[in-house]
Amino acid sequence: MKRCFGLLAVVLSLAVVSIAADAPADDAPQADAQRVADEKNASAAAKTAQAAIEKTNPKHLPAFPGAEGFGALATGGRGGAIVHVTNLSDSGPGSFRDAVSQPNRVVIFDVGGVIKLAKEVNVSSNITILGQTAPGEGICFYNNSVSLGGQSNIIVRYLRFRQGIAGDRGKKALGMDKSSNIIIDHCSVEWGRWDDIGITVGSTTITVQNCIMAEGIHPQSFGALIDTVTNVTLSHNLWMSNESRNPKAKGTIQYINNVVYNWLITGLCGGHSGANHSLDVINNYFIKGPSSNNQFAGQFTKTDHVYQRGNLVDLDRDGKLNGQPVTEAGFSDKGGSPTFVKERGMHPAIPVTEDSAEAAYAKVAADAGCSLHRDAVDLRLISELTSLGLKGKILAHTDDKGEALAGGLGEIKGGTAAMDDDHDGIPADWEKVHGLDPKNPADAAKLDASGYMNIEVYANSLVAPASAMTTK
Ligand SMILES: [Ca+2]
Ligand SMILES: [Ca+2]
Ligand SMILES: [Ca+2]
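Conventions we followed
Residues numbered from 1 in each chain as written. Chains lettered and ligands numbered in written order. Predicted model: local features only at pLDDT ≥ 70, side-chain atom pairs only at ≥ 80, totals over all residues. Helix = DSSP H or I, 4+ residues; strand = E, 2+ residues; numbered from the N terminus. Buried ≥ 20, exposed ≤ 12 C-beta atoms within 10 Å, placed from the backbone. Domains from an automatic or database assignment. Contact = placed C-beta atoms within 7 Å. Nonpolar A, V, L, I, M, F, W, Y, C, P; charged D, E, K, R; others polar. Pairing = 2+ DSSP bridges. Core = buried A, V, L, I, M, F, W, Y, C linked by C-beta atoms within 7 Å.

Participant: For the environment of alanine 224, give the residues involved together with the corresponding values.
Facilitator: By secondary structure assignment, the location of alanine 224 is in strand β16 (residues 224-235). When the 28 C-beta atoms within 10 Å are taken as the criterion, alanine 224 is described as buried. When the C-alpha atoms of alanine 224 and tyrosine 458 are compared, they prove to be 32 Å apart, with 234 residues separating the residues in sequence.

As structure tokens, then:
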């Protein structure tokens, strides 16, 4: 009997996929036994992740100044080897794929530009990837996806993940499946085929902050599936011109200071399943665009336990930011309503610095994504956001066009790396000013008094406010 039910569920879920892009397989109710097993596994994964943090980072040093939320205590490759990406090749010596193929590394970039991926890249555990070290306009991964699946303890900053129509149909531009202790900061995640970003079954203890998740393409055009996870923080992100799932939130998830713009069917989506979900929705801004209906939140049911306060919604498309407070009724649609709770559910060791919804909008517009040097694609997206209802579009489901419908990738300038005689990744001029030896390649890997490696102190200085910089 159970087997029959299982088969039926598979047939039903396949049917759901084929019916409509807005009703993917994960909307189908899970079998109860599977749900209980998934919840138990997720809870065990969270405990394991916490124990790993206490072992590797007992002093709770943030991954970098400004790291917040559940993933903020990742140590990445701290203490390991510094590995240079020296070319834009798909594979081989000096490539990104080769650099992340082994654990315990801090990966820096001697080149900037587009890295065209022939197939998905699988990143190893205990890795720090410092995209802000790239010269010129930085790095963009294109034509395929990057996966952190099955891995733990990873820091990723200032990179562009643009899968594009050449990528695998069932993959996210940036995927985390059974992943833990990860922080993704200031990345642009766009043109994903299944979703832009995924944090899926069994994943735990993860932050995605200051990122852009935009313009999902055929066949799904969705922002993110966050599915059967524990302790995930999503803060100060821009979600725009995705049909739905900004994200779809299934698990225990903090959703703070996000901006959602130009959804088509639904903005923020509930879990809408038999499992219990917990979602803290705090000080976000939902702004209707040219493609949007009024359903800025939806797909909730009674198993979704929602704490909400300080959220604003602007539905008048008048080119001005003048939203109204979100009420509980705003979370309801014809499918149901969540269960509202009075207290926030989640308290990570390093909490998110909470801005008002208006201040979050200003920060996101100025700073979200790979923003050390915003490229043409992100500049266009931000110009659409700041039109406040007048500009922006969902990319149509046209098999062979994908991102071409948005004008394509354009140029990302490679630039020239600063003088670095000892080739330790820290420019000679910076070493002189900060008491390091520009003729000694060993000092970049040493730990500074602050607890970070010197290469991290340098990389942090490229993007941190002066008050957050540490020097010897
Ligand atoms: Ca308005
Ligand atoms: Ca140097
Ligand atoms: Ca040196």
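On we go from here.
Participant: Let's hear about the domain arrangement of the protein chain: which residues, and what values?
Facilitator: If you check the domain split of the protein chain, you get domain 1 (43-406) and domain 2 (428-450 + 461-468). Counting residues at the interface gives six residues for domain 1, matched by six residues for domain 2. Here the residues of the side of domain 1 that touches domain 2 are counted per class, giving four nonpolar, two polar and no charged.

Participant: Hey, could you go over the pairing of strand β14 (residues 204-209) for me, with residue numbers and the actual values?
Facilitator: Most of β14 sits inside the fold, with six of its six residues counted as buried. By the bridge criterion, five bridges tie β14 to β16 in an arrangement that is parallel. Opposite isoleucine 206, over in β16, you have valine 232 as the bridge partner.

Participant: Describe the environment of phenylalanine 64, and please don't skip the residues or the numbers.
Facilitator: You can see phenylalanine 64 is positioned in the loop between α2 (32-56) and β1 (81-85). Of the residues examined, phenylalanine 64 has 24 C-beta atoms within 10 Å and is grouped as buried. Linking phenylalanine 64 and aspartate 185, residues 121 residues apart in sequence, is a C-alpha distance of 9.8 Å. Excluding residues within four positions of it along the chain, phenylalanine 64 makes contact with Glu456 and Asn460.

Participant: Residue-level account of the sheet that holds strand β19 (residues 259-261), with values.
Facilitator: In space, the 10 strands of this open sheet follow the order β3-β6-β9-β12-β15-β17-β19-β22-β25-β26, with mixed pairing throughout. Strands with a single pairing partner mark the edges of an open sheet, and in this sheet they are β3 (113-116) and β26 (324-325). Pairing of strand β9 (residues 160-162) with strand β12 (residues 188-190) involves three bridges; the strand directions are parallel. Residue pairing across strands places phenylalanine 161 opposite valine 189, the latter belonging to β12.

Participant: With reference to specific residues and values, describe the nonpolar core.
Facilitator: Residues Val107, Leu159, Cys187, Val189, Leu238, Val259 and Ile455 are the most contacted members of the largest nonpolar core, which totals 122 residues. Mapping this core onto the domain boundaries places at least three of its residues in each of domain 1 (43-406) and domain 2 (428-450 + 461-468). Residues within four places of leucine 238 in sequence aside, it is in contact with Ile212, Ala214, Val259, Val364, Ala368, Gly369 and Leu385.

Participant: Just give me the short version of unusual backbone geometry, but keep the residues and values in it.
Facilitator: A cis amide bond, omega 10°, links histidine 218 with the succeeding residue proline 219. Within the secondary structure, proline 219 sits in the loop between β15 (212-214) and β16. At the junction of asparagine 246 and proline 247, the peptide bond is cis and its omega measures out at 0° in the coordinates. On the secondary structure map, proline 247 appears in the loop between β17 (238-240) and β18 (248-256). Of note, the phi angle at asparagine 210 is positive, near 55°, even though the residue is not glycine. The residue asparagine 210 is located in the loop between β14 and β15 in this model.

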